[in-house]
Protein chains: 2
Amino acid sequence: MAITPAAGSPRSASVKDVAATAGVSLGTVSNVLNRPERVSRTTRERVERAMADLGFVRNESARSLRTGSTQSLAYVMLDAGNPFFTDVAQGIELAAEAAGLSLFLCNSDGRSAREGAHLAHLQQQRVQGILITPVDPDDPQLDQLIERGTPVVIVDRTRAGSSFCSVAVDDVLGGRLAVEHLIDAGHKRVAYVGGPESIGQVRDRGEGARQAWAEAGLPPEDLVMLSCEAPTVACGRAAGERLVGLPARRRPTAAFCANDLLALGLLQQTISSGRTVPGDLAIVGYDDIEFAAAAAVPLTSVRQPRHDLGRRAAELLLDEVGNPTHQHEQVVFTPELIARASTLGRP
Amino acid sequence: MAITPAAGSPRSASVKDVAATAGVSLGTVSNVLNRPERVSRTTRERVERAMADLGFVRNESARSLRTGSTQSLAYVMLDAGNPFFTDVAQGIELAAEAAGLSLFLCNSDGRSAREGAHLAHLQQQRVQGILITPVDPDDPQLDQLIERGTPVVIVDRTRAGSSFCSVAVDDVLGGRLAVEHLIDAGHKRVAYVGGPESIGQVRDRGEGARQAWAEAGLPPEDLVMLSCEAPTVACGRAAGERLVGLPARRRPTAAFCANDLLALGLLQQTISSGRTVPGDLAIVGYDDIEFAAAAAVPLTSVRQPRHDLGRRAAELLLDEVGNPTHQHEQVVFTPELIARASTLGRP
DNA sequence: GTCCATGCCTAAATCGTTTCATCGGAGGTC
DNA sequence: GACCTCCGATGAAACGATTTAGGCATGGAC
């Protein structure tokens, strides 16, 4: 076992070196790598031995240059700090793994510039396809990607009359479910705690809330629209303080938050300021992340099928990559309200 | 503006096409790309125009094949679903962005096989370097990586007498801090809720707990070691049920959990079973993730400098990549106990 | 008018792999 | 023994960029 690691690593071994060591031609080494069944067993073993001895590592750049394709997908997430997106990513991962592709995760962190840089880089890398929860689904850079041959699937958003596949959840419906639930529980003044209007998900959920409110015949001014800088825990806390600041007769008795981070922040602020949930304020979140159920006052939330969202998106992308008769498809999942103590009162 | 997108995308344009369109040689196009100052303004503009018209996208495979290096780093995370690691990743991201490199995130999800597959693939991609929170820091595959020329920095773990850089937090100290805090609060029976012993962090924190307990002269059997299958919220809940199952006189009055996910699960189970925190059970977590402070009974936790951990790790890697006189370094940060209501009682 | 320096561009070699047409030899058939 | 078939291995030609050594004007100095 004369292991000879390229100690000083002058340059890593190439197929040529392997071929020389094994005393075969370079094409044979390649065959061992790609079509082992075409190589006789003795030769194959000799080559494999040489590869091990030399510490050969296949150069993926050269491979994909020659073949014109890579073995990777990428998911560009909107916010890696939000467990919702990491769960979506996990769904994607499973599908990618099953297809034998590796998945790169990139985080745009809600910033267009970062998103753009990631997309440009991925395009240069010639990844097979890109899944993305975009900062702005109408960004022309996305069109440019498909024009230039990189398939793109939009995750958790849709685009009108689109030339993309997309997988989303009906956020308007989700907003309705949340607010109808609060109306059913008898609330007459409700706050919608949203993030910045620039986020489509925030707009849609707010729209659903408005629709439900209007259909119940309640006066529009009693649905208080609060918008936050970002859909984060910290902003949820800040929103709580703004609610407390309202005069008692105008203060909502319930709040629907655009996501669970906001809801958890609001929950925390409410309780630590000595009020009770749901007694003084009922709270509904959105996404049903794991921490929602684990909150000490378990959070009522609108559940999205996070894993399925990711898995289905990856499947669509794989179809687009592999199937010449692929048809673009806009999948819309249906959200579901999970009622818990934060709106139900304690037993 | 005769924009001519490669509509049917027969094949994307190469430098050769750009050269032909601009009426210059191929080397000139490359100069425009890499050393624009060497090209006269008129030629440069002509070339840039041609690139735009053809929708030219530089082929990164070819570039890195020729130059022998890529513009990317990777971080292989232990658990993308744990906010602690996404925060570490964010710190890394910032440092990578500042250095003009792109960062790929990979998730091993605690599985050696996945980790191995990611590492092999990254090595083939010839990434500049790899940051990793390994399933097992003694995995020989890590040695093999550096032997073959890919720098590796270990994050949130250390390795004895190592030929790696590493950045970690003193987990033994963290365990001591947590348990000393509980002892100071007068607890005489404490549970350590750990994950599987195979996880180094879990072992070290437990060891710290034991040390603090012994030094206080308390009987070892009153530090109840509970181990869970995985350090997750669900397992935290299960641990709560096991605690309740203990006979009252042996039941701990406080629990120190190996991470915040466990602690949140335990917190939830405790409260929903009608007991109070910290009245019936005081709880200390570990990591101080954002959701710890946001829990309705804010969680006392051992804070790790998550962003600094990531940033410093990335800096070490960048130094190793760029500085020929680089010396391996083992950075150890000091954790800090953040006391909150889950151990302090309510005002 | 000659010579040289300078600025800008060209041509060719190269990176490591895959692929394809080809070739040699072993074995079977007549 | 001549011929055909296979099987396995070979070698050269790509892939698309970067790099380097040189070439060809232009213009200034003498």
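What you see is a predicted model, and the numbers here were worked out from it, not measured in a lab. Numbering of residues starts from 1 in each chain and follows the order in which that chain's sequence is written. Written order determines the labels here, with chains lettered from A and ligands numbered from 1. Only residues with pLDDT of at least 70 get local features here, since the model is predicted, and only at 80 or more are side-chain atom pairs given and counted; chain-wide, interface and lining totals rely on the full set of residues. The basis for every side-chain value is the complete set of heavy atoms in the structure, and neither hydrogens nor water enter the calculation.

Engineer: Please provide a residue-by-residue account of the protein's contact with DNA strand C, values included.
Structural biologist: Note on terminology: near, applied to a residue and a molecule or strand, indicates that one of the residue's heavy atoms is within 4 Å of it. The environment of DNA strand C is made up of 25 residues, and the closest members are V15 of chain A together with S25, T28, T43 and R66 of chain B. Taken together, the sugar and phosphate atoms account for 67% of what DNA strand C places within 4 Å of the protein. Note that a phosphate oxygen of DNA strand C is positioned 3.1 Å from one of the backbone N or O atoms of N59 of chain A. As used in this structure description, the phrase polar contact means that two N or O atoms lie within 3.5 Å; if the pair is within protein, one of them must be able to donate a hydrogen and the other to accept it, and residues adjacent in sequence are counted only when both atoms belong to side chains. Within the contact set of DNA strand C, a base oxygen lies 2.8 Å away from a side-chain nitrogen or oxygen of R66 of chain A. For the surface near DNA strand C, the secondary-structure elements that each account for two or more residues are α2 (26-34) and α4 (60-67) of chain A together with α4 (60-67) of chain B. Counting residues per element, the surface near DNA strand C draws most heavily on α2 of chain A, which supplies 5 residues. Residues are grouped as follows: nonpolar covers Ala, Val, Leu, Ile, Met, Phe, Trp, Tyr, Cys and Pro; charged covers Asp, Glu, Lys and Arg; every other residue, Gly included, is treated as polar. Here the surface near DNA strand C is composed, by residue class, of 9 nonpolar, 10 polar and 6 charged. Helix and strand assignments come from DSSP, with helices taken as H or I runs of at least 4 residues and strands as E runs of at least 2, each series counted from the N terminus.

Engineer: For the side chain of R306 of chain B, give the residues involved together with the corresponding values.
Structural biologist: Considering the arrangement of structural elements, one finds R306 of chain B in helix α13 (residues 306-322). In contact with R306 of chain B, not counting residues within four places along its chain, are F84, D87, V88, D287, D288 and I289 of chain B. By the convention used here, residues are in contact when the closest approach between their heavy atoms is within 4.5 Å.

Engineer: Go over the pairing of strand β4 (residues 152-155) of chain A with me, naming the residues and quoting the values.
Structural biologist: All names here are of chain A. Where burial is concerned, the two faces of β4 agree: the one with V152 and I154 and the one with V153 and V155 are both buried. If DSSP finds at least two bridges between two strands, the strands pair. Both strand β3 (residues 129-132) and β4 contribute to a ladder of 3 bridges, which runs parallel. Following the sheet pairing, L131 is matched in β4 by V153. The handedness rule is simple: strands pointing away from the viewer, and a clockwise path from the first strand over the helix to the second, make the crossover right-handed. Crossover connection from β3 via helix α7 (residues 140-147) to parallel β4: handedness right-handed. Note that β4 and strand β5 (residues 165-169) share 3 bridges and pair parallel. Think of it in three bands: residues with accessible area under 20% of the maximum for their type are buried, residues over 50% are exposed, and the middle band is partly exposed, with areas taken using a 1.4 Å probe on protein chains only.

Engineer: An account of the nonpolar core is needed here, citing residue identities and associated values.
Structural biologist: Across soluble globular proteins, nonpolar side chains show a tendency to be buried alongside one another. To define a nonpolar core, start from buried Ala, Val, Leu, Ile, Met, Phe, Trp, Tyr and Cys residues and group those joined through side-chain atoms within 4.5 Å. Counting residues in hydrophobic clusters, the biggest one holds 157 residues, and the most contacted among them are Y75 of chain A together with Y75 of chain B. Ranked by size, the runner-up nonpolar core spans 28 residues in total, among them F104 and C106 of chain A together with I132 and L142 of chain B.

Engineer: Account for the packing of helix α1 (residues 15-22) of chain B against helix α3 (residues 41-54) of chain B, with residues named and values stated.
Structural biologist: Residue and element names in this part refer to chain B. Note on definitions: angles span 0 to 180 degrees between N-to-C directions of axes, and those axes are lines fitted to C-alpha atoms, for helices only across the stretch in contact. Contact pair α1 / α3: the axes reach a minimum separation of 9 Å and the direction vectors enclose 120°. In this view, α1 runs oblique relative to α3, as classed from their interaxial angle. With respect to the hand of their crossing, α1 and α3 are arranged in right-handed fashion. Of the residues in α3, those in contact with D17, V18, T21 and A22 of α1 are R46, V47, A50, M51 and L54. Residue composition of the contact of α1 with α3, by class: 6 nonpolar, 1 polar and 2 charged. Here is the rule for angles: anything less than 35 degrees is roughly parallel, anything more than 145 is roughly antiparallel, 65 through 115 is roughly perpendicular, and the remaining ranges are oblique. Each helix crossing is assigned a hand: it is left-handed if the near helix lies turned anticlockwise from the far helix by less than a right angle, otherwise right-handed if that turn is clockwise.

Engineer: So what's going on with the pattern of salt bridges? Residues and values would help.
Structural biologist: Criterion for a salt bridge: a side-chain nitrogen of Lys or Arg within 4 Å of a carboxyl oxygen of Asp or Glu. Evaluation of the coordinates by the stated rule reveals 43 salt bridges over all chains. E207 of chain A is the salt-bridge partner of R210 of chain A, the closest N and O atoms lying 3.5 Å from each other. Pair noted here: R210 of chain A and E207 of chain A are both in helix α9 (residues 200-215), with a separation of 3 residues, about one helical turn. Classification of R210 of chain A as partly exposed rests on a relative accessible area of 40%. A residue is classified by how much of its surface remains accessible, and E207 of chain A, at 32% relative accessible area, is partly exposed. D143 of chain B is paired through a salt bridge with R159 of chain B; the nearest N and O atoms lie 2.8 Å apart.

Engineer: Account for the protein's contact with DNA strand D, naming residues and giving values.
Structural biologist: Taken together, 30 residues form the shell around DNA strand D, and within it S25, T28 and T43 of chain A together with V15 and R66 of chain B come nearest. R66 of chain A has a polar side-chain atom sitting 2.8 Å from a base nitrogen of DNA strand D. Within the side chain of R66 of chain B, an N or O atom sits 2.8 Å from a base oxygen of DNA strand D. Where the surface near DNA strand D is concerned, the elements lending two or more residues are α2 and α4 of chain A together with α2 (26-34) and α4 of chain B.

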